[in-house]
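This is what each chain is made of:
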Amino acid sequence: MVFALLISAILWNLLTWYVGLPNSSSHTLIGSIMGVGLANELLGGPSGTSGVDWTQVTKVFQALFWSPLAGFVLAGGLMYVLKITLSRSPELFRAPEGRKPPPPLIRALLILTCTGVSFSHGSNDGQKGMGLIMLILIGTVPTAYALNAAVTPDQMASYHAASLAAESALVSMSRNEPAYVGDPKAAVTRAVQKRALQPDTLSAESALIGEIDEQIAERASMREIPAGQVSNVRNNIYLADTTLALALKAPGITPAEKKALTAYKADGNRATQFIPNWVKVAVALALGMGTMVGWKRIVRTVGEKIGKQHLTYAQGLSAEVVAMGLIQAGTAYHLPMSTTHVLTSGVAGTMAANGSGLQWETIRNLAAAWVFTLPASILISGVLYAVFRATF
């Protein structure tokens, strides 16, 4: 799965870069993940744990649709405001002259807004690279990266206390029914597959949390868990945390029960959802070096081919301020935003507000790249996964 989605994303990104089209790496990656999920479901049978979570896909589609429109309107509006309020600064509304640097104040403003876009880009797009690296590390060296080795002894003790409180809350929520007998993982998996609580889910979840607690209790850190049990412990924690999302929506749940389950879920996330500092640095370097190497084709399209006139300083400033704000909003609401979509639509909006005109051939090509990115990456990754699964 990991290699199929990685190769698919790389192929589509290279193709669009080669023809000079600003393409969204975010949505390429999302499409690739959907492709392997759909292929796995078709090949292995439908289940809630092997297919696609369409609720999350809906959120992605909403962000994909609204963010370019918001970028166009807001950047155009900001450009219009700048033309009215800063009309006495004509140098701001001129295009760069060859290699002549902009005036010092304009240069400072552009550096500031470029830095803001870069920070926003890392806070959103950068997270996807980190997630991919962690997927690979967990899949290839689980003994080192499946569980967070940085969890402290105090946090381990807190996890044990949270486990006892969560078990008690679930027993109360299941109306003090007898303890679950059998394999609790099978029962909670059924609930996850159906995306709804089943009659035995709460009691089985309590039993599963008890099993996890037995595996990690009285250990000073996650490092002390035997290597042969690490993957199993991680899978159990992930399954328990996923099921808690359903339990937290149970009818009649009291504030105290919700507090206990939320605290346990937070401790489980700390144990399984972590990113080492070296991964963050590696992704930051990859983003920076990729920009340094491949910038010219894309920059020419954005600066010279969207509008009929060259981009001015004010237009660049407007597009960058809007992109920075929209991406930060997407990050705050956990939506994968496309820096490419927001920025290029923002540039188009400033061209319209400035009366510069638009090159409709470029706009059509950009729109085509946006429209075909998801289906193309879904198809490529799905086919690659099917081939890899049959071959290896």
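These numbers come from a predicted model, not from an experiment.

Definitions and cut-offs
Residues numbered from 1 in each chain as written. Predicted model: local features only at pLDDT ≥ 70, side-chain atom pairs only at ≥ 80, totals over all residues. Heavy atoms only, no water. Helix = DSSP H or I, 4+ residues; strand = E, 2+ residues; numbered from the N terminus. Buried < 20%, exposed > 50% of the residue type's maximum accessible area, 1.4 Å probe, protein only. Contact = heavy atoms within 4.5 Å. Areas by Shrake-Rupley, 256 points an atom, 1.4 Å probe, with all protein chains shown as cover. Lys, Arg positive; Asp, Glu negative; His and termini not counted. Charge placed at Lys NZ, Arg CZ, Asp CG, Glu CD. Core = buried A, V, L, I, M, F, W, Y, C linked by side-chain atoms within 4.5 Å. Axes fitted to C-alpha atoms, helices over the stretch in contact; angles between N-to-C directions. Parallel < 35°, antiparallel > 145°, perpendicular 65-115°, else oblique. Left-handed = near helix turned anticlockwise from the far one by under 90°. Nonpolar A, V, L, I, M, F, W, Y, C, P; charged D, E, K, R; others polar. Phe/Tyr/Trp six-rings, centres within 6.5 Å; stacked < 30°, edge-to-face > 60°. pLDDT = per-residue confidence, 0-100. Salt bridge = Lys/Arg side-chain N within 4 Å of Asp/Glu carboxyl O. Polar contact = N/O pair within 3.5 Å; in protein donor to acceptor, adjacent residues only side chain to side chain. Patch = residues over 30% accessible without salt bridge, like charges linked within 9 Å, V, L, I, M, F, W, Y side chains within 5 Å.

A. Region of interest: the overall build of the chain. Within the chain, the regular secondary structure consists of 14 helices and 0 strands. Beginning at the N terminus, the succession of helices and strands in the chain can be written as α-α-α-α-α-α-α-α-α-α-α-α-α-α. Over its C-alpha atoms, taken along the principal directions, the chain stretches across nearly 75 × 50 × 40 Å. Split into buried and exposed, the 392 residues of the chain put 43% on the buried side. Sequence-distant contacts, at least 24 apart, represent 82% of the contacts inside the chain between residues at least 6 apart. Surface summary for the chain: the accessible area is close to 20500 Å², and the carbon and sulfur share equals 65%. Charged side chains of the chain number 29 positive and 22 negative; the gap between the two group centres comes to 15 Å.

B. Region of interest: the nonpolar core. Tyr-159, Ile-212, Met-222, Leu-261 and Tyr-264 are the most contacted members of the largest nonpolar core, which totals 43 residues. Elements that contribute at least two residues to this core include exactly helix H4 (104–140), helix H6 (153–173), helix H7 (184–194), helix H8 (201–216), helix H9 (227–247), helix H10 (255–272) and helix H11 (277–305). Those residues within four positions of Tyr-264 in sequence are excluded, and the remaining contacts are Tyr-159, Ala-162, Ser-163, Ala-166, Ile-209, Ile-212, Asp-241 and Leu-244. Core analysis: the next-biggest nonpolar cluster, separate from the first, contains 12 residues, Val-347, Ala-348, Ile-363 and Ala-369 among them.

C. Region of the structure containing the packing of H7 against H9. Relative to each other, H7 and H9 sit at 45°, their axes nearing to 10 Å. For the element pair H7 / H9, the angle class is oblique. The crossing of H7 and H9 is left-handed. Note on element contacts: H9 touches H7 through Asn-232, Asn-236, Leu-239, Thr-242, Thr-243 and Leu-246, opposite Lys-185, Val-188, Thr-189, Ala-191 and Val-192. Here the residues of the contact of H7 with H9 are counted per class, giving 5 nonpolar, 5 polar and 1 charged.

D. Main features of the packing of aromatic side chains. Under the definition given, this model contains 4 aromatic pairs. Between Tyr-145 and Trp-278, the ring centres sit 6.4 Å apart and the planes meet at 65°, which makes this aromatic pair edge-to-face. Here Trp-278 lies in helix H11 and Tyr-145 lies in helix H5 (residues 142–145), a separation of 133 residues in the sequence. Residues Tyr-159 and Tyr-264 carry aromatic rings whose centres are separated by 5.3 Å and whose planes lie at 40° to one another, so their mutual orientation is tilted. Remark: Tyr-264 occurs in helix H10 and Tyr-159 occurs in helix H6; sequence separation between them is 105 residues. Here Tyr-159 and Tyr-264 have matching classes, each one buried.

E. Region of interest: the confidence of the model for the chain. Confidence along the chain averages 87 in pLDDT terms, with 98% of residues attaining 70 or more. Element-level mean pLDDT values for the chain span from 81 in H11 up to 93 in H10.

F. Fine view of the side chain of His-341. The topology assignment puts His-341 in helix H13 (residues 339–354). With residues up to four places along the chain from it excluded, the contact list for His-341 reads Ser-24, His-27, Leu-64, Pro-68 and Trp-370.

G. How the structure looks around the pattern of salt bridges. Counting across every chain of the model gives 2 salt bridges. Note that Arg-190 is salt-bridged to Asp-200, the shortest N-O span being 3.1 Å. One end of the pair, Arg-190, is in helix H7; the other, Asp-200, is in the loop between H7 and H8, with 10 residues separating them in the sequence. With a relative accessible area of 21%, Asp-200 lands in the partly exposed category. When the shortest N-O distance is used, the salt bridge between Arg-270 and Asp-267 registers 2.6 Å. Taken together, the residues Arg-270 and Asp-267, both in helix H10 and 3 residues apart, mark about one turn of the helix.

H. Representation of H7. Every buried residue belonging to H7 is among Pro-184, Ala-187, Val-188, Thr-189, Ala-191 and Val-192, and all of these are buried. The inward-facing, buried residues of H7 contact H8 and H9. Its side-chain oxygen at 3.1 Å from the backbone nitrogen of Lys-185, Asp-183 defines the N-terminal cap of H7. Taken from the residues just after H7, Arg-195 is the one with a positive phi, measuring 55°.

I. A positive patch on the surface, seen in detail. Together, Arg-99, Lys-296, Arg-297, Arg-300 and Lys-305 make up a region of like positive charge exposed at the surface. When you line up the elements, Lys-305 lands in helix H11.

J. Layout of the side chain of Asp-241. Checked against the element boundaries, Asp-241 lands in helix H9. This buried residue, Asp-241, is left without a salt bridge; Lys-265 holds the nearest opposite charge, at 5.3 Å. In terms of polar contacts, Asp-241 uses its side chain to reach the backbone amide nitrogen of Asn-269, at 3.5 Å. Residues within four places of Asp-241 in sequence aside, it is in contact with Tyr-264, Lys-265, Gly-268 and Asn-269.

K. Structural context of the environment of Ser-356. Along the chain, Ser-356 falls in the loop between H13 and helix H14 (360–391). The spacing of Ser-356 and Gln-309 is 47 residues in sequence and 5.7 Å in space, taken between C-alpha atoms. With near-sequence residues (within four places) excluded, Ser-356 lies in contact with Lys-308, Gln-309, Gln-315 and Met-351.

L. Region of interest: the packing of helix H1 (residues 2–18) against H14. Following both chains from N to C, one finds H1 and H14 inclined at 140°, their axes separated by 8 Å at the closest point. If you check the angle between H1 and H14, you find them oblique. As H1 packs across H14, the resulting crossing turns out to be right-handed. Packed against H1, whose contacting residues are Phe-3, Ala-4, Leu-5, Ile-7, Ser-8, Leu-11 and Trp-12, the element H14 presents Phe-372, Thr-373, Ala-376, Ser-377, Ile-380, Ser-381, Leu-384, Tyr-385 and Phe-388 at the interface.

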